[in-house]
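Structure at a glance
Below, each chain spelled out in residue letters.
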Amino acid sequence: MNLARFPRRRYTPHATPLEPLKHLSRELGGPEIWIKRDDLTGLASGGNKTRKLEFLVADALAKGCDTLVTVGAPQSNHCRLTLAAAVKEGLKCRLVIEERVPGTYDPKASGNNFLFDLLGVESITPVKAGADLAAEMQKVAEAVSQEKGRKAYIIPGGGSNPLGALGYVTCAEEMMGQSFDQGVAFDHAVCASGSAGTHAGFLVGLLGTNAHLPVTGINVRRPRAEQEANVHALAQATAELLGVPAVPRDAVVALDEWVGPGYSIPTDEMKAAVRMLASLEGVLLDPVYTGKAMAGLIGLVRRGHFTKGQRIVFLHTGGSPTLYAYQDVLQS
Ligand SMILES: *Cc1c(COP(=O)(O)O)cnc(C)c1O
């Protein structure tokens, strides 16, 4: 792989930590569990979208754009980080907010929604679930271009296109380097699987470095077959962009047993996972993605899918600002 061929901005001036979760591992009595702390990437409050934006924003700047336009749910970490990248680069940012769960968009809500205001978003366009999001973003971009000298750059939801997914190819390379430096070999990796860019990029990076490290994605929204098809399609397109071999379909695993009633809707397993990681390890997960992904990892250990003697790495993709919008659900 030769990632240096792609223009990139740098938002995290260091590798994110790779650490053992000793107390959690002891508590569960199964495999040794490690964590890759991608909640500690750069830009306001960090998270996985920072790595994708390094490539996406470099492309926006190369194309002479002055405004980033993107879309997300009312508590979108991706929208917060896209806005933060825009602020850092001296660009403007306009957001389309999809009310995925009807009745959940509250312009006065805390968490990421509050940060949209604090970081100085130029405009927010709320739309109903099921709206044509590409068309909504296109409309916003056209409104920008009506203004003299301005040009918008549209970033798809979650920053999940092949260029954005390169961010998670870099994460896989970084993590395998740390694995070697720290003398720890992993048997399996686990990550949240949403708009698919993280899962797809990570997989392509692990295959492209011949890491022989299988990845299990834990879905936060879609049924298994649909999500696996999405991840596979994006992984193929990313592999093509990079010029590495095609991704075998059976390398894509995205389990749907921890979604619960739906995207962003709390589950008991999520609550337990968030509270466990905070109280045992001092690590803040989030209620929408990493709480459910960690619930999946814990579930897989408890049912004996991952066992003693194995070493598992969990990719922490961030999201802690959302905790403050779910205090009533999570507080004891
Ligand atoms: C967006 C997000 C994910 C999912 O990543 P995708 O690339 O959309 O699949 C996981 N965790 C957090 C905290 C996120 O914000």
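Residues numbered from 1 in each chain as written. Predicted model: local features only at pLDDT ≥ 70, side-chain atom pairs only at ≥ 80, totals over all residues. Heavy atoms only, no water.

Some thoughts on the site of the ligand
Our working definition: Whether a residue is near a molecule or strand is decided by its heavy atoms; if any one of them lies within 4 Å of it, the residue is near. For the purposes of these results, a polar contact is taken to be a pair of N or O atoms within 3.5 Å, where, inside protein, one atom must be able to donate a hydrogen and its partner to accept one; residues adjacent in sequence count only when each atom of the pair is a side-chain atom. Only the protein chains shown count as cover for residues, and the accessible areas themselves come from Shrake-Rupley with a 1.4 Å probe. Only protein atoms enter the 1 Å grid, on which a cavity is a set of points fitting a 1.4 Å probe that cannot get out and a pocket is an open set with protein on both sides within 12 Å along at least 5 of 7 lines, lining residues being those with an atom within 4 Å of a point. More than half of a molecule's atoms within 2 Å of the grid points is what it takes for that molecule to sit in a cavity or pocket. Put simply, DSSP marks the helices as runs of H or I at least four residues long and the strands as runs of E at least two long, and each gets a number from the N terminus on. By the convention adopted, Pro, Cys, Tyr, Trp, Phe, Met, Ile, Leu, Val and Ala count as nonpolar, Lys, Arg, Asp and Glu as charged, and the other residues, Gly among them, as polar.
Neighbouring residues of the ligand: 17 residues in total, closest Lys49, Lys52, Ser195, Thr198 and Thr317. One of the side-chain nitrogen or oxygen atoms of Asn77 is found 2.8 Å away from an oxygen atom of the ligand. The fraction of the free accessible surface of the ligand (380 Å²) that becomes covered by protein chains is 98%. With respect to the detected pockets, the ligand is housed in the largest pocket. Listing elements by their share of the shell around the ligand, those giving two or more residues are α2 (49-62), β7 (188-193) and α7 (197-208). For the shell around the ligand, a count of residues per class yields three nonpolar, eleven polar and three charged.

Considerations on the pairing of strand β4 (residues 92-99)
Under the convention used in this document: Think of it in three bands: with a 1.4 Å probe and only protein chains considered, a residue is buried below 20% of the maximum accessible area for its type, exposed above 50%, and partly exposed in between. Any two strands are treated as partners once DSSP identifies two or more bridges connecting them.
Across the eight residues of β4, seven count as buried, placing the element largely inside the fold. Sheet analysis places strand β3 (residues 67-72) next to β4, joined by six bridges and oriented parallel. Across the sheet, the residue bridging to Val71 is Val96, located in β4. Where β4 lies against strand β5 (residues 123-128), six bridges are found, and the strand directions are parallel.

Things to note about the sheet that holds β4
Counted only if it meets this: The angle between two axes is taken between their N-to-C directions and runs from 0 to 180 degrees, where each axis is a line fitted to C-alpha atoms and a helix contributes only its stretch in contact. What makes two residues a contact is simply this: any of their non-hydrogen atoms within 4.5 Å.
Strands sit in the order β5-β4-β3-β6 across an open sheet of four strands; the sheet is parallel. Each having just a single partner strand, β5 and β6 (152-154) make up the two edges of the open sheet. For this sheet, the mean inter-axis angle between neighbouring strands, taken without regard to orientation, is 20 degrees. Pairing of β3 with β6, which is carried by three bridges, proceeds in the parallel orientation. Directly across from Thr67, in β6, lies its bridge partner Ala152. Relative to β3, helix α3 (residues 77-89) is tilted by about 170 degrees, and along the sheet it contacts β3 and β4.

Regarding the pairing of strand β2 (residues 32-37)
With five of its six residues buried, β2 lies for the most part within the structure. Where strand β1 (residues 18-20) and β2 come together, three bridges link them in antiparallel fashion. Considered in β2, the bridge of Leu18 is made with Lys36. In the sheet, β2 pairs with strand β10 (residues 311-316) via six bridges, with the strands oriented parallel. For Ile33, the partnering residue across the bridge sits in β10 and is Ile312.

Quick look at α7
For clarity, the threshold we go by: What a helix is expected to span follows from its residue count: subtract one and scale by 1.5 Å.
Given a rise of 1.5 Å per residue, twelve residues ought to cover 16 Å, and the 16 Å separating the end C-alpha atoms of α7 matches this to within 8%. Counting buried positions over the twelve residues of α7 gives ten, a clear majority of the element. Listed in full, the buried residues belonging to α7 are Gly197, Thr198, His199, Ala200, Gly201, Phe202, Leu203, Val204, Gly205 and Leu206. Asn210, located one to two residues past α7, shows a positive phi value of around 50 degrees.

Remarks on the layout of surface pockets
Basically, it comes down to this: Grid points are joined across faces, edges and corners, and a volume is the space filled by probe spheres set on the points.
Approximately 900 Å³ is the volume found for the largest pocket. Lining the largest pocket are 48 residues, with Ala73, Arg100, Arg221, Tyr263 and Tyr289 positioned closest to its centre. Of all the secondary-structure elements, those providing two or more residues to the lining of the largest pocket are α2, β3, α3, α5 (133-145), β7 and α7. Here the lining of the largest pocket takes three residues from α5, the largest share from any one element. For the lining of the largest pocket, a count of residues per class yields 18 nonpolar, 22 polar and eight charged.

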